[in-house]
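# A look at the structure
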Amino acid sequence: MWFDPASPGKEPRMLTGETMSARPAKKIQETRKGMRLIDRFRPEVAETTRDIQPYEPVSSLPRMTERPEMEHFKLDWNESTIPPSPHVRKAVLAYLDGPVGLNIYPQLFSTDLRLKLQTHVGYPADHILVTNGSDDALDLICKTYLNPGDRVLSPYPTYTHFLLFAKSRGAVIDKLHFNDPFAADMEELIAQVTDQTKIVYVVNPNNPTGQLFTNEEIEKLAQSAPHAVILVDEAYAEFAGVSAVDLVGGYENIIVTRSFSKAYGLAGLRVGYLVTQPYTSRQLGRLYNPKSVNQLAQVAAGAVLEDMDYYRRYIDEVGESKELLARWCEHNGLDFRNTPANFVMIRVERVKDVVEALAEAGVYVRDRSSFPQLEGCFRLNVGTVEQTSRIIRRFERVLVNLGMMESKHD
Ligand code: PLP
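Residues numbered from 1 in each chain as written. Predicted model: local features only at pLDDT ≥ 70, side-chain atom pairs only at ≥ 80, totals over all residues. Heavy atoms only, no water.

## Some details on helix α16 (residues 351–360)
Stated precisely, the cut-off is as follows: Think of it in three bands: residues with accessible area under 20% of the maximum for their type are buried, residues over 50% are exposed, and the middle band is partly exposed, with areas taken using a 1.4 Å probe on protein chains only. Numbered from the N terminus, helices here are DSSP runs of H or I no shorter than four residues, and strands are runs of E no shorter than two. Arc, as used here, means the arc of the directions from the helix axis to the C-beta atoms. Here, two residues are considered to be in contact whenever any of their heavy atoms come within 4.5 Å of each other.
Within α16, the full set of buried residues consists of Val 351, Val 354, Val 355, Leu 358 and Ala 359. The buried residues of α16 occupy one face: seen down the axis, they fall within an arc of 130°. Along its buried surface, α16 packs onto α4 (61–66), β11 (363–364), β12 (366–367), β13 (377–381) and α17 (385–401). In the stretch just after α16, Gly 362 is the one whose phi turns positive, near 85°.

Shown next, in the form of structure tokens:
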């Protein structure tokens, strides 16, 4: 009798003589010693994958759909809080009603979108690769550059999904904890670069802490580590108004990734891009899949670029909302951390109770307290001023119910 630990609830399976003799002798010997029991009847995953735990996204969507009668505020994934502009909707519908259907593969290399992006980023199309969300750009960079054992340096806490892409190549992650997790210290980061460092991953502004490096600091990093890819993840750069794209012309080792999921409200379509010098782009082109970005995403992203006023107004409102929340937190003695991105952090006692009670009230925020140095913190993204005012009213109700705030109506 052999117990299969991969299916602990199932009946133990009998291994017949026939099955045993069909298996390579070494494998059976290993199994007898109790090694690799889990892989006995299945193909083995790659060594670089074996120790990786799946990225476990916490999604509030099921709770939202369970209560369709309620108004929900989904503030846990830093998405835009408003739909894409009417112009985007029109462009997508026009495509669906047009002569080329969804039965045809998308335009290869997203050529039309790259041509539109030229004016947006200020470089010719050979500096740009469009990807299936910026996640795919991060994965492509890891696949192209990392050998097993290479080191990837990153301030921490950061966007953890990237670390999974790096680990899947067998890279070792060097996490740098700054003394103050909310203040960026480039000298400290540069001091941690070694000859083995292959990628320095800088989310700018950082998720979740909001740390923001200046272009002078990023340039210094690129100069001091010419052997490493300086990967600047600008998923939130539109809100910060700072971009390392300006540095790309001068440094072949800088790759900037951008997203249409945050400021531009296309998270559901999955589209992002990277900007780098043509030489680096050609290296990435070795593994790039030219048909990985779906056609509706290409059309929608192109339409976003034709309607920038709509998005600039939203970005301005996000700025106003952050100030509104900051004033409310200050007034109520709550520990508030502003960021240059579209999210903020609030530190409270009993954070788990607060996050759960907010979710019950239809406000979904992200508990970040498991990160070292972020004890008691939850993160929430902000949207329009009108939405923020209503969210604040729900916060007040929740905190009063938990006995953490005086009722304003007594
Ligand atoms: N980079 C950072 C820092 C993020 O926070 C996220 C999503 O939360 C992403 C990348 C993924 O963006 P995309 O939707 O473009 O794949």
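## So, the site of the ligand
The condition that has to hold: Being near a molecule or strand, for a residue, means having at least one of its heavy atoms within 4 Å of it. Two N or O atoms count as a polar contact when they lie within 3.5 Å, although within protein this holds only if one can serve as hydrogen donor and the other as acceptor, and sequence-adjacent residues are included solely when both atoms are side-chain atoms. Under the convention used here, a 1.4 Å probe and the Shrake-Rupley method define accessible areas, while residue burial counts only the protein chains that appear. Ten residues, namely Ala, Val, Leu, Ile, Met, Phe, Trp, Tyr, Cys and Pro, are considered nonpolar, four, namely Asp, Glu, Lys and Arg, are considered charged, and the remaining ones, Gly among them, are considered polar.
Neighbouring the ligand are 13 residues; Ser 134, Asp 233, Tyr 236, Ser 259 and Ser 261 lie closest to it. With respect to the ligand, the side chain of Asn 207 contributes an N or O atom lying 2.9 Å from an oxygen atom. Take Ser 259: an N or O atom from its side chain is 2.7 Å from an oxygen atom of the ligand. Isolated, the ligand exposes 390 Å² of accessible area, and the fraction of that covered by the protein chains is 93%. Its residues assigned to classes, the shell around the ligand shows four nonpolar, five polar and four charged.

## Brief notes about the side chain of Asp 150
Its location among the elements puts Asp 150 in the loop between α7 (133–145) and β3 (151–156). Of note is the side chain of Asp 150, whose polar atom sits 2.7 Å from the backbone nitrogen of Asn 147. Among the polar contacts made by the side chain of Asp 150, one reaches the side chain of Lys 198 at a distance of 3.4 Å. Excluding residues within four positions of it along the chain, Asp 150 makes contact with Tyr 145, Ala 171, Val 172, Gln 196 and Lys 198.

## Quick word on the pattern of salt bridges
Rules: A carboxyl oxygen of Asp or Glu within 4 Å of a side-chain nitrogen of Lys or Arg is what we treat as a salt bridge.
The final tally for this structure, using the stated rule, is 20 salt bridges. The partner of Arg 312 in a salt bridge is Asp 309, with the nearest N and O atoms 3.0 Å apart. Highlighted residues: Arg 312 and Asp 309, both in helix α15 (residues 308–331), separated by three residues, approximately one helical turn. A salt bridge links Asp 335 to Arg 347; the nearest nitrogen and oxygen atoms lie 3.3 Å apart. Of this pair, Asp 335 sits in strand β9 (residues 335–337) while Arg 347 sits in strand β10 (residues 343–347), and the two are twelve residues apart along the sequence. A single network of salt bridges, built from pairs that share partners, joins Arg 63, Arg 67, Glu 356 and Glu 360.

## Quick notes on the packing of helix α6 (residues 111–121) against helix α14 (residues 295–305)
Under the convention used in this document: In this analysis, axes come from line fits to C-alpha atoms, helices being fitted only over the stretch in contact, and the angle between any two N-to-C directions falls in the range 0 to 180 degrees. Here roughly perpendicular refers to angles of 65 to 115 degrees, roughly parallel to angles under 35, roughly antiparallel to angles over 145, and oblique to all remaining angles. Should the near helix be turned anticlockwise from the far one by less than a right angle, the crossing is left-handed, and should it be turned clockwise, the crossing is right-handed.
Relative to each other, α6 and α14 sit at 25°, their axes nearing to 10 Å. One way to sum up the angle between α6 and α14 is to call them roughly parallel. For the element pair α6 and α14, the recorded crossing hand is left-handed. Each of Leu 113, Lys 116, Leu 117 and His 120 in α6 lies in contact with α14, whose residues at this interface are Gln 298, Ala 301, Gly 302 and Leu 305. Tallied by class, the residues present in the contact of α6 with α14 amount to four nonpolar, three polar and one charged.

## Notes on the nonpolar core
Put simply, the test is: By convention a nonpolar core is built from buried Ala, Val, Leu, Ile, Met, Phe, Trp, Tyr and Cys residues, the set being connected through side-chain atoms within 4.5 Å.
Ranked by size, the top nonpolar core spans 86 residues in total, and within it Leu 189, Ile 254, Phe 260, Phe 378 and Phe 395 carry the most contacts. The biggest single contributor to this core is α15, with nine residues. One finds Leu 138, Leu 163, Ile 199 and Tyr 288 within the second-largest nonpolar core, a separate group that totals 31 residues.

## Re the packing of aromatic side chains
Each aromatic ring pair is specified by the distance between its two centres and by the angle formed by the two planes. Note the following rule: Here is the rule: rings of Phe, Tyr and Trp (six-membered ring for Trp) pair when centre to centre is within 6.5 Å. Planes less than 30 degrees apart are stacked, more than 60 are edge-to-face, and the remainder are tilted. The rule is short: NZ of Lys or CZ of Arg within 6 Å of the ring centre and within 35 degrees of the ring normal puts a charge over the ring.
Considering all chains together, one arrives at ten aromatic pairs under this definition. When the centroid spacing of 5.3 Å and the interplanar angle of 90° are considered together, the rings of Tyr 264 and Tyr 311 count as edge-to-face. Here Tyr 311 lies in helix α15 and Tyr 264 lies in the loop between β7 (254–259) and β8 (272–275), a separation of 47 residues in the sequence. Seen in terms of ring centroids, Tyr 310 and Tyr 311 are 4.9 Å apart; in terms of plane orientation they differ by 75°. Their pairing is edge-to-face. Residue Tyr 310 shares its accessibility class with Tyr 311, and that shared class is buried. Through a chain of ring-to-ring contacts, three or more aromatic side chains come together here, namely Phe 260, Tyr 264, Tyr 273, Tyr 310 and Tyr 311. Across the ring face of Tyr 156, the terminal group of Lys 175 is positioned such that the distance to the ring centre comes to 4.4 Å. Lying over the aromatic face of Phe 343, Arg 379 brings its terminal NZ or CZ to 5.7 Å of the ring centre.

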